Amino acid sequence: MVIDLLILAPVVIFLLWLYGYSAPSGRPTRDRWLDRATAAAAVVGGVGTLLGLHALLDVDGLARNVIAVAAAYLVFLTLLSLGWLRRWYASPHSS
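As the structure is a computational prediction, the values presented were derived from the model and not from experiment.

Novice: I would appreciate a short explanation of the overall build of the chain in the present structure.
Specialist: Counting its regular elements, the chain contains three helices and zero strands. Ordering the α and β elements of the chain from the N terminus gives α-α-α. Dimensions of the chain, computed from C-alpha atoms along their principal axes, come out at roughly 50 × 20 × 20 Å. Per-residue burial over the chain gives 26% buried out of 95 residues. A separation threshold of at least 6 residues defines the contact pool for the chain, and within that pool the share at least 24 residues apart is 71%. Working note: accessible area of the chain is about 6300 Å², and carbon and sulfur atoms make up 73% of it. Positive and negative side-chain charges in the chain, numbering 7 and 5 respectively, have mean positions lying 18 Å apart.

Novice: Hey, could you run me through the side chain of Arg 27 in this one?
Specialist: Secondary-structure assignment places Arg 27 in the loop between helix 1 (2–21) and helix 2 (29–56). From its side chain, Arg 27 meets the backbone oxygen of Pro 24 in a polar contact 2.8 Å long. Apart from residues no more than four positions distant in its own chain, Arg 27 is found in contact with Arg 32 and Asp 35.

Novice: Just checking my understanding: could you explain the environment of Leu 15 for this structure?
Specialist: Residue placement: Leu 15 occurs in helix 1. Using a relative accessible area of 13% as the deciding quantity, one classes Leu 15 as buried. When the C-alpha atoms of Leu 15 and Asp 60 are compared, they prove to be 30 Å apart, with 45 residues separating the residues in sequence. The residues contacting Leu 15, other than those within four sequence positions of it, are Phe 76, Leu 77, Leu 80 and Trp 84.

Novice: Please explain the side chain of Thr 38 as it appears in this structure.
Specialist: Examined against the element boundaries, Thr 38 turns out to sit in helix 2. In this view, Thr 38 contacts Tyr 19, Leu 79 and Gly 83; residues no more than four positions away in its chain are not counted.

Novice: Mind showing me how you'd approach the pattern of salt bridges here?
Specialist: Pairing of side chains with opposite charge becomes possible as their charged atoms draw close. Scanning the model with the defined rule gives five salt bridges in all. Salt-bridge contacts for Asp 35 lead to Arg 87; the nearest nitrogen and oxygen are separated by 3.3 Å. A residue pair is termed long-range when its members are at least 10 positions apart, and Asp 35 in helix 2 and Arg 87 in helix 3 (residues 62–90) qualify at 52 residues. Taking the relative accessible area as the measure of exposure, Asp 35 reaches 5% and is therefore buried. Owing to a relative accessible area of 11%, Arg 87 belongs among the buried residues under this scheme. For Asp 60, the salt bridge goes to Arg 64, with nearest N and O atoms at 3.9 Å. Using a relative accessible area of 68% as the deciding quantity, one classes Asp 60 as exposed. You can call Arg 64 partly exposed: its relative accessible area is 22%.

Scoring rules and cut-offs
Residues numbered from 1 in each chain as written. Predicted model: local features only at pLDDT ≥ 70, side-chain atom pairs only at ≥ 80, totals over all residues. Heavy atoms only, no water. Helix = DSSP H or I, 4+ residues; strand = E, 2+ residues; numbered from the N terminus. Buried < 20%, exposed > 50% of the residue type's maximum accessible area, 1.4 Å probe, protein only. Contact = heavy atoms within 4.5 Å. Areas by Shrake-Rupley, 256 points an atom, 1.4 Å probe, with all protein chains shown as cover. Lys, Arg positive; Asp, Glu negative; His and termini not counted. Charge placed at Lys NZ, Arg CZ, Asp CG, Glu CD. Polar contact = N/O pair within 3.5 Å; in protein donor to acceptor, adjacent residues only side chain to side chain. Salt bridge = Lys/Arg side-chain N within 4 Å of Asp/Glu carboxyl O.

Shown next as structure tokens:
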């Protein structure tokens, strides 16, 4: 399971950096806190999915690791995408 976390780490770190880098400057404090909460929820959701599937899946061998890592990536990307979508809707160019 530690190897699975190490597999997740580089992509998660890069996407978190990209999420922070893509934020428009001069935003209100409320929006910055929402971005941080979304990023934290994405990390917790991804790691929680990984740990939960490792505990609950009744599959042996490498298949359990592959399923757990793929599902953790999907949950992480889904939650982070909701943050990007919220930013897009809040931008003045979305209309």
